[in-house]
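A closer look at the structure
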Amino acid sequence: MKHEILFLNQEDVIEAGVLNMGKILELVEKVFYLDGIGQVKNPPKTEMAVPDKDSRQSTFISMPVYIGGDINRAGVKWAAESKANMESGLLPMGIDIVILSDPVTVLPIAILDGLVITAMRTAAAAGVAAKHLARKDSETVGCIGAGIIGRTMIQALKGVLPNIKQFKMFDLKPEKVDNLIKEFEGTGIEIIAAGSVEEAVRDADIVATMTTSKKPFVKGEWIKPGTMVIQMSSYEVEKDVVSKADKLVVDSWAQMKENSDSVLAQMFYSKELDEDDVLHLKDIVSGKKAGRETDDEITMFSSRGMGCLDIMVADYLYKQAIDKGIGQKLNLWEEVKWV
Ligand SMILES: NC(=O)c1ccc[n+]([C@@H]2O[C@H](COP(=O)([O-])OP(=O)(O)OC[C@H]3O[C@@H](n4cnc5c(N)ncnc54)[C@H](O)[C@@H]3O)[C@@H](O)[C@H]2O)c1
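What you are looking at is a predicted structure, and each value in this text was computed from that prediction instead of being measured.

**Section: the sheet that holds strand S8 (residues 140-144)**
Sheets are built from strands that pair by backbone hydrogen bonding, the pairs being arranged parallel or antiparallel. Strand order in the open sheet made by the eight strands is S10-S9-S8-S11-S12-S15-S13-S14, with parallel pairing throughout. Of all strands in the sheet, those bounded by a partner on one side alone are strand S10 (190-193) and strand S14 (278-280). Each strand of the sheet is rotated relative to its neighbour by a mean of 20°, with strand direction disregarded. Summarising the sheet, strand S9 (residues 166-170) and S10 pair through four bridges and their orientation is parallel.

Laid out in structure tokens, this is it:
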């Protein structure tokens, strides 16, 4: 008997609803909740640097997942990042696909473009964290990095904190900020260009970094009481930002610890950070641990990215695509051999 796999290219994924940030926030919060109650298997991702870590040109990352509860879906995200693409600007720095499988028969059922899913779910994780860790009356956001995640971060934060009035953005390439200002014109979201990291960060209620920098550039002295700091890459804040945080929250400590170059892992291995002080977002979302408790505390969320977010979103898009008749069918086999 033949078996068909549904292939959803980028246009299909968009037609199936991936750009609906409200929905993505809801799905991401649900999967953190399911993880918090023990319904998710998400082993640390496996990373492979090419040709090697010291002269890295690209990184390939494999992220297998099973989500239980009413989702009952297995899958894997095959992610990749390219230094050449970052330098040329001709292709996205990160390019990913997602494969969904039936958890019983193990048949692959769908292959999806993962680029937009990644951008949406990454910022949505920060949005869910901000819902629990930022001050509800937050009005200003200092954003560093106006790339793909820079764009979705604006949508995610505005989606959970409607009182936000202004995003102050800095990027090493000012034209990227100008492009986002134009893109968001007329949406009611005000973005202004900052002349430096310090100008964007000082006095902001939320600070969000989403750059490809491998060196830290946010200083602790710029962070005022009551701020939430969001770090999307793992290398962007100085150690004193981490030390200043009253609450430090991650998506997966097991993964963060494995990335020995990340600021949190460095602090852990040099005994400047006790892992008992690191909280997981899943425990806050599922009510096991408290989120923000006072207006003055400084909170920080740092993520490395969990495959369960991609599989959760992809499963939703797959079901939408089936309902709406979107996508192309690929035939895995006409007649299976060697049963
Ligand atoms: N945590 C997660 O789940 C997750 C998921 C995807 C991507 N990421 C990370 O998020 C980061 C951003 O990804 P992206 O897809 O938006 O990349 P991108 O290349 O689209 O954008 C990065 C931007 O950062 C800017 N930049 C680099 N160094 C800078 C610096 N020192 N100061 C100011 N701006 C600087 C670049 O000019 C660029 O505009 C990457 O590090 C990526 O690895 C994290």
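**Overview of the site of the ligand**
In the neighbourhood of the ligand, 25 residues make up the surrounding shell, with Arg121, Ile149, Asp171, Thr211 and Ser303 lying closest. A distance of 2.8 Å separates an oxygen atom of the ligand from a polar atom in the backbone of Ile149. Burial of the ligand by the protein chains amounts to 87% of its free accessible area of 870 Å². Elements supplying a minimum of two residues to the shell around the ligand: helix H4 (115-133) and helix H5 (148-160). At three residues, H4 tops the list of elements feeding residues into the shell around the ligand. For the shell around the ligand, the per-class residue count stands at nine nonpolar, ten polar and six charged.

**Some thoughts on helix H2 (residues 21-36)**
End to end, H2 covers 22 Å across 16 residues, agreeing with the expected 22 Å (1.5 Å per residue, within 8%). What H2 keeps buried is the set Met21, Ile24, Leu25, Leu27, Val28, Glu29, Val31, Phe32, Leu34, Asp35 and Gly36. Of the surrounding elements, those touching the buried residues of H2 are strand S2 (40-41), strand S4 (58-67), H4, H5, helix H11 (281-285) and helix H12 (307-324). The N-cap residue of H2 is Asn20: its side-chain oxygen and the backbone nitrogen of Gly22 are 3.2 Å apart. A positive backbone phi angle near 80° is found at Gly38, which sits one or two residues after H2.

**Description of the packing of H4 against H5**
Look at H4 against H5: their axes get within 8 Å of each other, and the N-to-C directions meet at 40°. Regarding the angle of H4 to H5, the classification is oblique. For the pair H4 and H5, the sense of crossing is right-handed. Where H4 approaches H5, its residues Leu115, Ala119, Met120, Thr122, Ala123, Ala124, Ala126, Gly127, Ala130 and Lys131 are matched on the opposing element by Ile148, Ile149, Thr152, Met153, Gln155, Ala156, Leu157 and Val160. Its residues assigned to classes, the contact of H4 with H5 shows 13 nonpolar, four polar and one charged.

**Remarks on the pairing of strand S6 (residues 94-101)**
Judged from the eight bridges that link them, strand S5 (residues 73-82) and S6 form a sheet pairing that is antiparallel. Bridging from a neighbouring strand, Glu81 pairs with Gly94 of S6. As paired elements, S6 and strand S7 (residues 108-113) share five bridges and run antiparallel to each other. In the strand pairing of S7, Ile97 is matched with Asp113. Hairpin connection, S6 to S7: the antiparallel pair is bridged by six residues, and Val106 has positive phi, about 60°.

**Focus on the environment of Cys143**
Turning to its location among the elements, Cys143 is positioned in strand S8. Separated by 65 residues in sequence, Cys143 and Ala208 have C-alpha atoms that sit 4.9 Å apart. In this structure Cys143 touches Phe167, Lys168, Met169, Phe170, Ala200, Ala208 and Met210, once residues within four positions along its chain are discounted.

**Regarding the domain arrangement of the chain**
When the parts of a complex come together, some accessible area is lost, and that lost area is often taken as the interface size. Domain annotation of the chain identifies domain 1 (3-117 + 307-333) and domain 2 (125-302). Taken together, the 19 residues of domain 1 in the interface contact 24 residues of domain 2. Carbon and sulfur atoms supply 66% of the area that domain 1 and domain 2 bury against each other, a total of about 1,700 Å² over both sides. Counting the contacts that link domain 1 with domain 2 gives two salt bridges. Ionic pairing is found between Lys131 and Glu29, a salt bridge with its closest N-O pair at 2.7 Å. On inspection of domain 1 and its partner domain 2, the count reaches four residue pairs in polar contact (both at pLDDT 80 or more). Of all the elements, H2 adds the most residues to the side of domain 1 that touches domain 2, at eight residues. Across the side of domain 1 that touches domain 2, the residue classes tally to 13 nonpolar, two polar and four charged.

**Concerning the nonpolar core**
Among the nonpolar cores identified, the biggest contains 78 residues, and Leu112 and Ile230 are the most heavily contacted of them. A total of 13 residues in this core trace back to one element, the largest contributor, which is H4. Counting contributing residues, this core receives three or more from each of domain 1 (3-117 + 307-333) and domain 2 (125-302). Discounting residues that sit within four places of it in the chain, Leu112 has contacts with Leu8, Val13, Ile97, Val98, Leu100, Ile117, Ala314 and Leu317. Counting residues in each nonpolar core, the second largest holds 29 residues, with Ala200, Ala245, Leu248 and Met256 among its members.

The rules behind each value
Residues numbered from 1 in each chain as written. Predicted model: local features only at pLDDT ≥ 70, side-chain atom pairs only at ≥ 80, totals over all residues. Heavy atoms only, no water. Pairing = 2+ DSSP bridges. Helix = DSSP H or I, 4+ residues; strand = E, 2+ residues; numbered from the N terminus. Axes fitted to C-alpha atoms, helices over the stretch in contact; angles between N-to-C directions. Near = heavy atom within 4 Å. Polar contact = N/O pair within 3.5 Å; in protein donor to acceptor, adjacent residues only side chain to side chain. Areas by Shrake-Rupley, 256 points an atom, 1.4 Å probe, with all protein chains shown as cover. Nonpolar A, V, L, I, M, F, W, Y, C, P; charged D, E, K, R; others polar. Expected span 1.5 Å × (residues − 1). Buried < 20%, exposed > 50% of the residue type's maximum accessible area, 1.4 Å probe, protein only. Contact = heavy atoms within 4.5 Å. Parallel < 35°, antiparallel > 145°, perpendicular 65-115°, else oblique. Left-handed = near helix turned anticlockwise from the far one by under 90°. Domains from an automatic or database assignment. Buried area = accessible area lost by both parts, 1.4 Å probe. Salt bridge = Lys/Arg side-chain N within 4 Å of Asp/Glu carboxyl O. Core = buried A, V, L, I, M, F, W, Y, C linked by side-chain atoms within 4.5 Å.

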